[in-house]
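This is what each chain is made of:
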Amino acid sequence: MDARNDMLRLLNGRREGFSLEQPFYTDPDFFKLDMELIWYRDWLFVGHDCELPKPGSFITVQIGDYPVVLVRDQQGRINAFHNSCRHRGSRVCNTDKGMAAKLVCPYHQWTYELDGRLLFARQMADGFDKSQFGLKPVACESVAGYIFICLAKEPADFAPMRAMIEPYLKPHRLSEAKIAFESTIVEKGNWKLVWENNRECYHCAGNHPELCKTFPEAPTVTGVQGADSDPEMLAHWAKCEAAGLPSKFRIDPAGQYRATRAPLLRDAVSYTMTGKRAVKKNLSDSVSADRIGTLMHYHYPTTWNHILIDHAVTFRVLPISATETAVTTKWLVHKDAVEGVDYDLAELTHVWTETNDQDRRIVEENAFGILSPAYEPGPYSELHEGGVIQFVDWYARFIGPRLAGDGRPAL
Ligand code: FES
């Protein structure tokens, strides 16, 4: 209860436009509240439909204390379940991904159908009712190739998010793509520091030489203000929308998710050192327009994305502890693109592999400095860090009412 009161007091007393007080980035009890009030209650991006290509394909994910398995069933639906056996609780699937005709618990071989029903439990007492011991379901939605889950018993309505984001994503046909490469790095910093760093490019010129060859640092691109008064953005949206690609800046009323399309620098079409495409085949058979730039889509607290003409780079944030965060990056290409023929994997992944490592170091140095007893919240640049101000405001407005007990995020 003390941590709740402390967090509420610090939120109520916080200085807007300034970074948060130290415990938000370091305190294990504050971290538990973040998990309980945000991560265990909201829709979280966990993976892509194309990672579950066939009935029996599964992937697993760990959300704080909750192991979850996602599996495609015989009807082609993607289901999510708590990955905890209904016998004595063992993890049923214990690898990151795989294929299984049925889900068989390795401990005593209780066997579950791909839709979660318990099919077989050997030598249980007469009268044992299998129908009472199916895997516990987790709410699961798929939108344009992105799978979201929600651990809450009564999930928030997913429809508004789907309605806004689907038209932007759908032309890129990510549900039919393939993962060319994925990497997971652990950053020694709180999940909010990972996001704060992501939401601005104030740091880019000094830290990201590879990314800065193609990605604009302009706050109208990276932030959440001024895009609709930037002539370059307006011209880009007009051109892309004429080609059938929704592109204008849109953000939900609570600020939890946003989509917009932005041009890359000069004549660049992709995130490579030359700005030229990394993959010969277009990512989507439905998109052929030249120079579509990047479709940028974020959804707090789990994902930001860049979708280009030739590939997509998607990011998933998962907190491990108050001071550790896993960031998983996936590079998606057309399903028929062949490594070594259509793309060189090192070239495809170079810019974001370097950028991720640079961001890891930045976040870790940020976290290190915040541990100092001398740390106090500092002012964000309104010009360059509007996106960070927006993220921190979203966080405070989202968690504050939940702390206070009304259970709903403020709009
Ligand atoms: Fe799963 Fe026993 S714990 S079969």
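Everything here concerns the structure above.
It should be emphasised that the depicted structure is a prediction, and the values quoted were computed from it without experimental measurement.

What counts, and at which threshold
Residues numbered from 1 in each chain as written. Predicted model: local features only at pLDDT ≥ 70, side-chain atom pairs only at ≥ 80, totals over all residues. Heavy atoms only, no water. Pairing = 2+ DSSP bridges. Helix = DSSP H or I, 4+ residues; strand = E, 2+ residues; numbered from the N terminus. Axes fitted to C-alpha atoms, helices over the stretch in contact; angles between N-to-C directions. Contact = heavy atoms within 4.5 Å. Expected span 1.5 Å × (residues − 1). Buried < 20%, exposed > 50% of the residue type's maximum accessible area, 1.4 Å probe, protein only. Disulfide = S-S within 2.5 Å. Core = buried A, V, L, I, M, F, W, Y, C linked by side-chain atoms within 4.5 Å.

> Lay out the sheet that holds strand β2 (residues 57–63) with the relevant residues and their values.
Reading across from one edge, β1-β10-β9-β4-β3-β2-β5 is the order of the seven strands in this open sheet, with antiparallel pairing throughout. At either margin of the open sheet sits one strand with a lone partner, and together these are β1 (44–48) and β5 (97–99). The average undirected angle you get between the axes of adjacent strands in this sheet is 30 degrees.

> Any chance you could break down the sheet that holds strand β11 (residues 178–187) for me, citing the residues and the numbers?
With antiparallel pairing, the seven strands of this open sheet are ordered in space as β11-β17-β16-β15-β14-β13-β12. Single-partner strands in this sheet number two, and they are β11 and β12 (250–251). As paired strands, β12 and strand β13 (residues 257–262) are joined by two bridges and run antiparallel to one another. Paired with R250 across the strands is A259, a residue of β13. Against the sheet, helix α4 (residues 159–169) makes contact with β12, β13, β14 (294–299) and β15 (303–307), and its axis sits at roughly 15 degrees relative to β13, the strand it touches most. Strands β11, β15, β16 (312–321) and β17 (324–333) of the sheet are contacted by helix α9 (residues 345–370), whose axis makes an angle of about 15 degrees with β11.

> If you had to explain helix α10 (residues 386–404) to someone new, which residues and values would you point to?
Working note: α-helix, 3.6 residues per turn, so residues spaced by three or four point in the same direction. Its 19 residues give α10 an end-to-end C-alpha distance of 27 Å, which sits within 8% of 27 Å, the value for a rise of 1.5 Å per residue. Counting buried positions along α10 gives 17 out of 19 residues, so the element sits mostly inside the fold.

> Outline the state of the cysteines, supporting the account with residue identities and numerical values.
Scanning all chains against the criterion turns up one disulfide. In this model C201 forms its disulfide with C204; the gap between the sulfur atoms is 1.9 Å. With the S-S dihedral at roughly -100 degrees, the linkage between C201 and C204 falls on the left-handed side. Of the two residues, C201 and C204, both sit in the buried class. Not engaged in a disulfide, the cysteine C93 finds its nearest cysteine sulfur in C105; these two sulfurs lie 9.3 Å apart.

> Would you mind going over the side chain of S270 in detail, with residue names and values included?
Mapped onto the secondary structure, S270 falls in the loop between β13 and β14. Beyond its immediate sequence surroundings of up to four residues, S270 is in contact with T214, L264, G275, K276, R277, A278, L308, D310 and H311.

> Pulling in residues and values, what's your account of the nonpolar core?
Proteins that are soluble and globular tend to have nonpolar side chains buried together. Residues M7, W39, I63, L70, W191, L348 and Y395 are the most contacted members of the largest nonpolar core, which totals 83 residues. Per element, the largest residue contribution to this core is ten residues, and it comes from α10. M161, L174, L283 and L332 belong to the second largest nonpolar core, which has 24 residues in total.

> Explain the pairing of strand β9 (residues 137–143) to me, using residue names and the numbers behind them.
The pairing of strand β4 (residues 78–82) with β9 spans two bridges and is classified as antiparallel. Its bridge partner being in β9, F81 is matched across the sheet by P137. One ladder, built from five bridges, connects β9 with strand β10 (residues 146–150); its direction is antiparallel. Across the sheet, S142 pairs through a bridge with I147, a residue of β10.

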